[in-house]
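# Observations on chain architecture
Here are the chains, one letter per residue:
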Amino acid sequence: MTQIFRFFSFYFVATSLLVAQNFSTKNITINPHVEGTLLTPKDQNIAPLVILIAGSGPTDRNGNQSFMKNDMLKKIAESMSNNGIASFRYDKRIVKQILNKTIDKDISFDDFVTDAKSVISYFKPNYKTIVVAGHSQGSLVGLLALEEGVSGFISLAGAGKPIDEILIEQISKTAPMFLEDSKRVLTLLKAGKTTTDFPMALSSIFNLDVQGFMSNWMQYNPAEEMKKHNIPTLIINGDKDLQVSVDEANLLYKAAQNGVLLIVEKMNHIMVKIEGEQLENMKSYNDTSLEISPEVEKSMIEFIKNIN
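This write-up is about the structure you can find in this document. (Residues numbered from 1 in each chain as written. Predicted model: local features only at pLDDT ≥ 70, side-chain atom pairs only at ≥ 80, totals over all residues. Heavy atoms only, no water.)

### A look at the side chain of glutamine 211
Put simply, the rule is: The secondary structure listing takes helices from DSSP runs of H or I that are at least 4 residues long and strands from runs of E that are at least 2 residues long, numbered from the N terminus. For each residue, the accessible area found with a 1.4 Å probe, counting protein chains only, is set against the maximum for its type, and the residue is called buried under 20%, exposed over 50%, and partly exposed in between. Whenever a nitrogen or oxygen atom comes within 3.5 Å of another N or O atom, the pair is scored as a polar contact, on the condition that within protein one atom can donate a hydrogen and the other can accept it, and that pairs from neighbouring residues in sequence are kept only if both atoms are in side chains. The contact criterion used throughout is that any non-hydrogen atoms of two residues lie within 4.5 Å.
One can find glutamine 211 in helix H9 (residues 208-217). For glutamine 211, a relative accessible area of 0% gives the class buried. Here the side chain of glutamine 211 touches phenylalanine 206 through a polar contact of 2.7 Å, landing on its backbone oxygen. The residues contacting glutamine 211, other than those within four sequence positions of it, are Leu189, Lys193, Thr194, Thr195, Phe198 and Phe206.

### Considerations on the packing of aromatic side chains
What counts here: For this analysis, a ring pair means two rings from Phe, Tyr or Trp (six-membered ring only for Trp) whose centres lie within 6.5 Å, classed as stacked if their planes differ by under 30 degrees, edge-to-face if by over 60, and tilted for the remaining angles. For a Lys NZ or an Arg CZ to count as sitting over a ring, it must be within 6 Å of the ring centre and within 35 degrees of the ring normal.
In this structure the tally under the stated criterion is 10 aromatic pairs. Each ring, one from phenylalanine 123 and one from tyrosine 127, has its centre 6.0 Å from the other, and the planes form 65 degrees; the classification is edge-to-face. Like phenylalanine 123, the residue tyrosine 127 is buried in the burial classification. The ring of phenylalanine 112 is capped by lysine 92, whose NZ or CZ atom sits 4.3 Å from the centre of that ring.

### A closer look at the side chain of asparagine 268
Residue placement: asparagine 268 occurs in the loop between strand S8 (259-264) and helix H12 (278-283). Taking relative accessible area as the criterion, asparagine 268 reaches 0% and is therefore assigned buried. A polar atom in the side chain of asparagine 268 sits 2.8 Å from the side chain of asparagine 281. Within the local environment of asparagine 268, its side chain forms a polar contact with the side chain of serine 284, the two groups lying 2.8 Å apart. Discounting residues that sit within four places of it in the chain, asparagine 268 has contacts with Lys240, Asp241, Ile274, Asn281, Ser284 and Tyr285.

### Comments concerning the nonpolar core
Under the convention used in this document: Take the buried Ala, Val, Leu, Ile, Met, Phe, Trp, Tyr and Cys residues and link them wherever side-chain atoms come within 4.5 Å; each set so joined is a nonpolar core.
Counting 59 residues, the largest nonpolar core has Leu49, Phe88, Phe109 and Phe123 as its most contacted members. Ranked by residues supplied to this core, first place goes to helix H4 (residues 109-123) with seven residues. In contact with phenylalanine 123, not counting residues within four places along its chain, are Ile28, Ile30, Leu38, Leu49, Phe88 and Ile130. If you look at the next biggest cluster of nonpolar residues, it comprises 33 residues, including Met72, Leu73, Val131 and Leu156.

Here it is as structure tokens:
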């Protein structure tokens, strides 16, 4: 009896998974730097495409890193493609470099923008509607990659201020004793200079190997970049985001020429609902069982499908 129950339990679980996945999967190599996964809705000849761009760090196509696994981007991609929207998500180029042990110490923020533009160019001939959706750092990357042929833009927990201003805010709250040193170092970096004179406690931010990348990144003001575009724009943020505040989303919204703002209650940086406080919030970054906020999925699907 137990064996029969197990068989039917497996059968129904397997069947439900098959029913849920109304898309086909194809791994694609765009160029030597970019590899990703395309999900295409079944029984649809013409579907809009959403390109998902990952946030900061060595983040892969699923939204994961070596010590962080939550499958955020994979869940969003599958949700879109189960609802008639094709999706493409890709590994950041640093992921492949780490795997191959060929890390480019001169990698720049602009390299990520170049990669995003390559993805857009690759798919543009085959899709009438293309929407770029960037998460966190990927929001600014997506903004800078927008070009003719892109129909819409989605910012998921994207900052509205330059990275140096955000760092100053964070350091003033968490390590005020290093605030003046940090301002001095950031001023040098913004001017294109480098320095070895920085607080060792902040070496993860100011290490000489990343100073060039930081210098390049802080040249861009997300709100100013947003002003340059008049395509439909959806800006999403959660009020339990520990990394990007609601104020940042409001800055982007005010700058958008054709924007819609969605602030989701109890949602954090990786688009999941959090009932508790900071400890639960942090634990969620390593929990693949948590579902993406329904408000995020619903708003993205409606936004993409309503673009003409």
